[in-house]
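The lines below spell out each chain.
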Amino acid sequence: MDKLSNILKFRAQCPFLGGTKTSTIRSLYTRASPQYPTLNHLTEKATGCPVMGPVLTTRSRQIAANYASVAGNVDVKKIHEENGVDLQDASTADIQRCPHASAALTAARMAQELASAQTQRSKVTKPTNPLATSTKPAGCPFHQAKTEAKPTQPKEEGFDYEKFYGEELDKKRADNSYRYFNNINRMAQKFPLAHTGKVTDQVEVWCANDYLGMGNNPVVLETMHRTLDIYGHGAGGTRNIAGNTAMHLALEDELAALHRKDGALVFSSCYVANDATLATLGTKFPGCIIFSDKMNHASMIQGMRHSTAKRVIFEHNNLEDLEQKLAQYPKSTPKIIAFESVYSMCGSIGPIKDICDLAERYGALTFLDEVHAVGMYGPTGAGVAEHLDFDAYMLAGKTRERIPRSVMDRVDIITGTLGKAYGAIGGYIAGSSDFVDVIRSYAPGFIFTTSLPPSNVAGARASISYQKEYIGDRQLKQINVRNVKSKFLAKDIPVVFSFAQFSPGPSHIVPVLVGDPMLAKTASDTLLTNHGIYVQAINYPTVARGEERLRFTVTPRHTLEQMEHLVSAVDQVFTQLKIKRVQDWKAEGGRAGVGMIDPETVTPIWTDKQLGLLDGTAPKMLRNSEKGIVDARAVGLTREKFNNLLGPLMTAGMKTGGVFNGHVGLGHPSTNTLDQIPIAVAAAA
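Residues numbered from 1 in each chain as written. Predicted model: local features only at pLDDT ≥ 70, side-chain atom pairs only at ≥ 80, totals over all residues. Heavy atoms only, no water.

Draft legend 1. Geometry of the nonpolar core. The biggest cluster of nonpolar side chains holds 75 residues, and the ones touching the most others in it are L255, F291, I337 and I352. When sequence neighbours within four positions are dropped, the list of residues in contact with L255 reads A264, V266, L418, Y428 and I464. C207, V495, L550 and L560 belong to the second largest nonpolar core, which has 36 residues in total. (Core = buried A, V, L, I, M, F, W, Y, C linked by side-chain atoms within 4.5 Å. Buried < 20%, exposed > 50% of the residue type's maximum accessible area, 1.4 Å probe, protein only. Contact = heavy atoms within 4.5 Å.)

And the structure:
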C-alpha cells in the first residue's frame, strides 16, 4: 500500500482525492478494472482527469518505448535461444518465461488500455484490434510473434456502473441541483440552537420543520421514556404481524378525533401515506382521473405516477382552470382533486372551500394534504380546514362530533404528518371507515413495511393531545412570523408572496427570493460560517429555475434578539453578495410574487382577534433571558390519556402551574408562576 499512501499525499491539490473517502480510494486502487485488466479503477478514473490523463499516457508510452529500445539493441534471438525459448513459436507461456518480453507486453497493453480509456471518455471510436497501437514495442520479437500468431478478438464489455454513478452526479453538480447535507444536531435543552459536527460549535437553526418545538416538549419526552421502558424500542414487525400495538390504535383514534372523521391510518411518513393512498385509489377506481395542483408535493405526484389513473394538472390555485378541466368529463367518471392547504415553498393557501364546491358539482373526491398545517392552524391544530371555521370549532370544544357542512367536514380525505408541527415521525390519512379499511387492505406501502416504534407513536400522540389543549404555541409562532416578515420587508429583502410592504403574507412560511442557485448556496454557507445561522438553500427541482430561495422557519421559541440577529445577518449577506432586493425585482417586472406591478391583496389566515392581539391575551415574544411556556393544564390532560397503558404517574410536590420538571430530568418553564407541577418519579405497574 506504499503507492497508495503516496497518492493520498496529493489530496490537498486534487479535488477528486480531497472529496473522496480514504476507504473508497483504497477500494478503487486495489480493484482491477473489468474493462481494462492492467489498470485499477483509480487509474481508469484518472484517465478522465485533465491533469493526470495526459501524464499517464505520456508515461506509459515512455515505458513501452524503453522496453522496445532494449530489444532493438541486443541480440534478442540469441539470448532467448540460449534460454530454451523458440522464437518461431512464441506461445504465451514462452513469453511469460522471459522477464523482458513479459514486461514489454504488459507495458504495451497498459499503454493501449490507457489510450482506450481516454478514447472512450472522449466518445471516439476505439481501434478494432486492441493491440493495434503506435505504443507497441516493435523491436521485441515476442510481441510481433504474439500478435501475428493469435490476433485477439474484441471482448464484450460489461456495463460500467461506477462510471454511470459519476456521470449522473456530475449532471447534478453541473446544473447546481446537487444537494449538500450539513451536520446539524439540534439540542433539546437549548432549542432552537444546535451544534455542528464539532460539538462546541453552536448555531441558530432557522429552517427546521419542527415548527412549534414539540420535538423537545417535556411531556412528549416523558411519555416516550415511559413507553420505551415498558414496551422497548422496535415495533417487532408489520402492522399485520406483531406490530399492531395499543399505542398505534390509540394514535389513530386521536387523529380521527382531531379531524372529526370516522377513521385514520398511520404510515411511516406522509410521503408514503400520499404515495400509497393515491396509487391505490387511482388504480382501484375504474377509469379514474386525478386532478392535481401544479405545485403539489412530490409525494402526491409519485403516487399518481404509481397508479393507472390519468393525471390532469391545473394551474396553481386556479379555480377557473380546474373547473374547465373537470367539465370535460362525465360526472359518473371517478375523479380525485388532489391539493394542499399550505404550499411549503411559497406559503400560499389552497382555496379549500371553493374546491369542495367544485368537487360536489362534478362528482369528485377531495384529497387534501395538510402536512404543513396540522398543529399550526385551527383551535385544536387540525389544520387550515378547521381554521376556516375557527369560531364554530372554538364553540364546539374538544369533542369529536362532526360540524355538518363545515369545510373540514366536506373534505373527503385528509393527510397529514407527525414530523413537522408535532415534532415526531410518521404520516397518516383520515376519512371514512371504509376508505381507511380499503387503504389498509390494499396499499403495499402500508402492508409491507415495519410499523413505527411504540415510543415514537406515543410521543406523537402526546404532542397532538398537548396541542389540542394549548393554542399559545400556534399564536406565538404566527406573531413571530409577522415580526420577521415585516423586518425583512423594511430592509427591502424579497419575501415571496408578501406582496404589499409590511404585509405578513397568508401563512407561516417565510421564503426569501434569491433567484440564482449558486448565490442561494453561497448565501446559505455565508450565513452559517460568518453569522452562526443555519438556513438551507432551496434550488431546482424543489422550486423553479430562477426562483431559488432561502426558506426560513420561525418558531415560538426564537427570541427577539435572535430575530434581530437574523434580519441583520441576512441584510449584510444580501449586500455582500449583491443579491437582488424587492426594488430590483420590481424593475424587472417581478418574480414569484416579489415586485409585482399589480399585486393581489393577501390576507393572513390568522386574524388579530384569533391571535389575541385585540383583547390582550396574545402570548409575549421571548427575550434571551426568558424560557418558553409549557402549559401545565395541557400536560396534565395529556398524561391522563396514557394511564391505561403506562399506569398513573406517582407524583411529588403536587402544586398548580409553574416550571415543569418531567421524570426525564428536564427543567422547562410552564405557566407564569414559579410553582412546581407534579414531578414524575415512576410509572405504576
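After that view, the rundown keeps rolling.
Draft legend 2. Looking closely at the pairing of strand β7 (residues 335-340). Judged by how many residues are buried, β7 sits mostly within the fold: six of six residues are covered. Burial along β7 is two-sided: the face carrying K335, I337 and F339 and the face carrying I336, A338 and E340 are both buried. Note that strand β5 (residues 289-293) and β7 share four bridges and pair parallel. Bridge assignment links I290 to a residue of β7, and that residue is I336. (Helix = DSSP H or I, 4+ residues; strand = E, 2+ residues; numbered from the N terminus. Pairing = 2+ DSSP bridges.)

Draft legend 3. Broad picture of the environment of I184. Along the chain, the position of I184 falls in the loop between α10 (161-174) and β1 (185-186). Separated by 10 residues in the primary sequence, I184 and A194 place their C-alpha atoms 6.3 Å from one another. Not counting residues up to four positions away in its chain, the partners in contact with I184 are A194, H195, T196, V203, V205 and Y534.

Draft legend 4. Summary view of the side chain of S406. Relative to the helices and strands, S406 resides in the loop between α18 (390-396) and α19 (407-410). Reaching out from S406, the side chain makes a polar contact with the backbone oxygen of I403 at a distance of 2.7 Å. Apart from the residues lying within four places of it in its own chain, the contact partners of S406 are D389 and Y393. (Polar contact = N/O pair within 3.5 Å; in protein donor to acceptor, adjacent residues only side chain to side chain.)

Draft legend 5. A look at the sheet that holds strand β9 (residues 413-417). Overall, mixed pairing links the seven strands, which are arranged β4-β10-β9-β8-β7-β5-β6 in an open sheet. Unpaired on one side and paired on the other, β4 (263-267) and β6 (310-314) mark the two borders of the sheet. Geometrically, the sheet is characterised by an average inter-axis angle of 20° between neighbouring strands, direction not taken into account. As defined by bridge partners, β4 adjoins strand β10 (residues 427-431) across five bridges and the pair is classed as antiparallel. (Axes fitted to C-alpha atoms, helices over the stretch in contact; angles between N-to-C directions.)

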